[in-house]
Amino acid sequence: MVSKRRFFILVMMMFVLLFMFQFTQVVKERGNTYDTNPFLQDKDAIQVADVSKNTKKQIVFIGDREGKYGKVVSQWCNYTKRKMISFDSLEFCQSHQLEQSELVVTYADMFSTDADLDEVIAYMKKEVSFVFCDLPEPSTIAMSSRWRKILGIKQVKSENVTLSGVNLFDGFLLGGQAIYQPRDAKEKEERQDLDWEIPWYLLESGSKSYMVGMMEDASVKNEELPAIVWRASVENAKVFAVNGDYMGDCTGVGFLDAMMAELHRYEIYPVVNAQNLSMANFSAFANENEEKIKALYTRKSNAVFRDIIWPGLCANLEQSGFALTCFFSPQMKYDGKSEPETEELIFYLKEMREKSAEAGISLDCKDSIEIYEKLEKDASYMKRAKSKYQYGAVYLGEEETESLSALSQCGFSSITTAVGGDLDENILSMADGTTTLQSVTSNGISHTYRQDIRMKSLQTALAYSNIVFDLKQVMWPEKKEDRWEVLFEKFTSNTNTYWKAFESFDKTTVSQADKKIRNLLAADYSDSCEGDTIYLHISGKSQGETIWFLLRTHNEEIDSTVGAEYKKVEDGAYLIGAKEEKVSIRLKSKDAFIYPLTP
């Protein structure tokens, strides 16, 4: 039997515990300023740095400027603040411009005669370095001593050889060595999309391979493996050659940065420093596709979001460390059959504020409804929910950038950045005078060998990744593989594995990345080196903003910096956060230095 004294103590303890839990919940509710967007950026006009007069950083491109290689080189020059000079063919080139350039980028079709090749060799004698984005036919190389000399090829071993894998060596792209060789039939089916049939070239001594093909024949020596990307020393110049189709899309941007790092004692260039993760078409507000969803999950669609999708996303955030952006789609079908519930919007805004996540707007839907009508209905729904949240980011889906003009007319005038567009056309750009455009770099679900090389290349070029998982596939499934548990398993496995090498880069919401992109586009810079100290001068930098750079060295580490912070990404690669317009970076030498110091 419990005494009165003990009973009183038990009651008081229960009362205190109840009060503590209730009080903390009240404080949590009142302290949750869910209706404000802490990530919202000012909608300022974007001032892009003018590098047209930058004669110290000048690239010559020979070929079709509007072709696939021309577009890659143009993007790369824009991001690294280099002046690009293009010529339709070698005969139109100005010799002094080639001789003053940092690099000449071209492709095999631009050189059809022996006279053209002799002229290229003459430029190489004057220390003009070249990049060949693709190569002539192997039969042409076999019959031409000039081509073999230019490309550093000793012998065409075979015009076609079958590979068992590809080895991307450490030190070229960020992320370390990667061996692309299927372990089983399933991996081969899901991930293998590289060219397994390539010409086999043996290189001259003194050449350096960055990527080679692997072969089943174990008797083939390492130095004789089929070269895919390499650098040859020809006359007084360096020549980079690519045996494959790696330079015709955005992958080529990072390859060019890696090649420049191989030319010089150091290479420093501006980057975004942003890793985004987004959920597109977050349609948790209306019970749509009810029959299909109930058959799959035995509950309505908004319950699927609350009970399954949202807890899974929160768990993945804890594990991966990413910052989350959710692009709301109040409805996917505007047929009047199911209206979005206002309390769902408030619930997710509160939840996202607690998780330091950002809410955005999606322009995508399942209807052929006009974009103005869709946005007006979405704005009306948010007004009914009495929400004053200002959205800074929009997901385009299949919409073109021209649709952005509808946003300000329908109550979404605070939008400063859009996600979508063609990745190979522009990784990062301006959608209009005040809005940035961020292309999707991965869906987080598919991660093939080629996609992995592309991801490493974009990290090398811009320290940037933009993963967007479109939930429309889950809520409107077309096959059993579209189930949430199937896709989410792939998503968590990929994002927690392949992005681990880039944990030193900032995890950002889309609007946070928007601010960094504006800083990148607006800034220009120049660099020089005296002894062991690199000097960096930045123009176009706003007061109080940080401009991020990637510094790549060879066997040298940073000793100290003035006017900047720094973080080691991997051996020979450092992330530099410039706080001031003038920055100095002092290096300490580890080993004897073998690369020439260029002015």
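First things first, this report covers the structure right here in the doc. For every chain, the first residue of the written sequence is number 1, and numbering continues from 1 along that sequence. For this predicted model, a pLDDT threshold of at least 70 governs which residues receive local features, and a threshold of 80 or more governs which side-chain atom pairs are given and counted, while totals over whole chains, interfaces and linings are taken from all residues. No hydrogens and no water enter the side-chain calculation; it runs on all heavy atoms of the structure.

Moving on, we come to the sheet that holds strand β3 (residues 103-106). Paired strands, as defined in this entry, are two strands with at least two bridges between them according to DSSP. Secondary structure elements are defined from DSSP: runs of H or I of at least 4 residues count as helices, runs of E of at least 2 residues count as strands, and each element is numbered from the N terminus. If you trace the nine strands from one edge of the open sheet to the other, you get β2-β1-β3-β4-β11-β10-β9-β6-β7, paired in mixed fashion. Each edge of the open sheet is held by one strand with a lone partner, namely β2 (83-87) and β7 (178-180). In this sheet, adjacent strand axes meet at a mean angle of 20° when their direction is disregarded. Of the pairings in the sheet, the one linking strand β6 (residues 165-168) to strand β9 (residues 208-214) comprises four bridges and is antiparallel in character. When the bridges of β9 are listed, G165 appears paired with M214. To obtain an axis, a line is fitted to C-alpha atoms, over the contacting stretch when the element is a helix, and the angle between two such axes runs from 0 to 180 degrees between their N-to-C directions.

Across the sheet, which stays open at both edges, the four strands sit in the order β12-β24-β27-β26 with antiparallel pairing between neighbours. The strands lining the two open edges of the sheet, one partner per strand, are β12 (266-271) and β26 (564-570). Sheet twist, expressed as the average angle between the axes of neighbouring strands with direction ignored, equals 25°. Inspection of the sheet shows strand β24 (residues 547-553) paired to strand β27 (residues 573-578) by six bridges, in the antiparallel sense. Opposite L550, over in β27, you have L575 as the bridge partner.

Bringing the pairing of strand β13 (residues 274-282) into the picture now. The rule is simple: take the accessible area with a 1.4 Å probe, protein chains only, and divide by the maximum for that residue type; under 20% is buried, over 50% is exposed, in between is partly exposed. For β13, a buried count of nine out of nine residues is recorded, marking the element as mostly surrounded by other parts of the structure. Here β13 pairs with strand β20 (residues 464-470) via seven bridges, running parallel. Bridging across to β20, M279 finds its partner in F469. Here two bridges tie β13 to strand β21 (residues 507-508), and the two strands are oriented parallel to one another. Paired with Q275 across the bridge in β21 is K507. Relative to strand β14 (residues 324-328), β13 is paired through four bridges, and the arrangement is parallel. Note that in β14 the partner of M279 across the bridge is C326.

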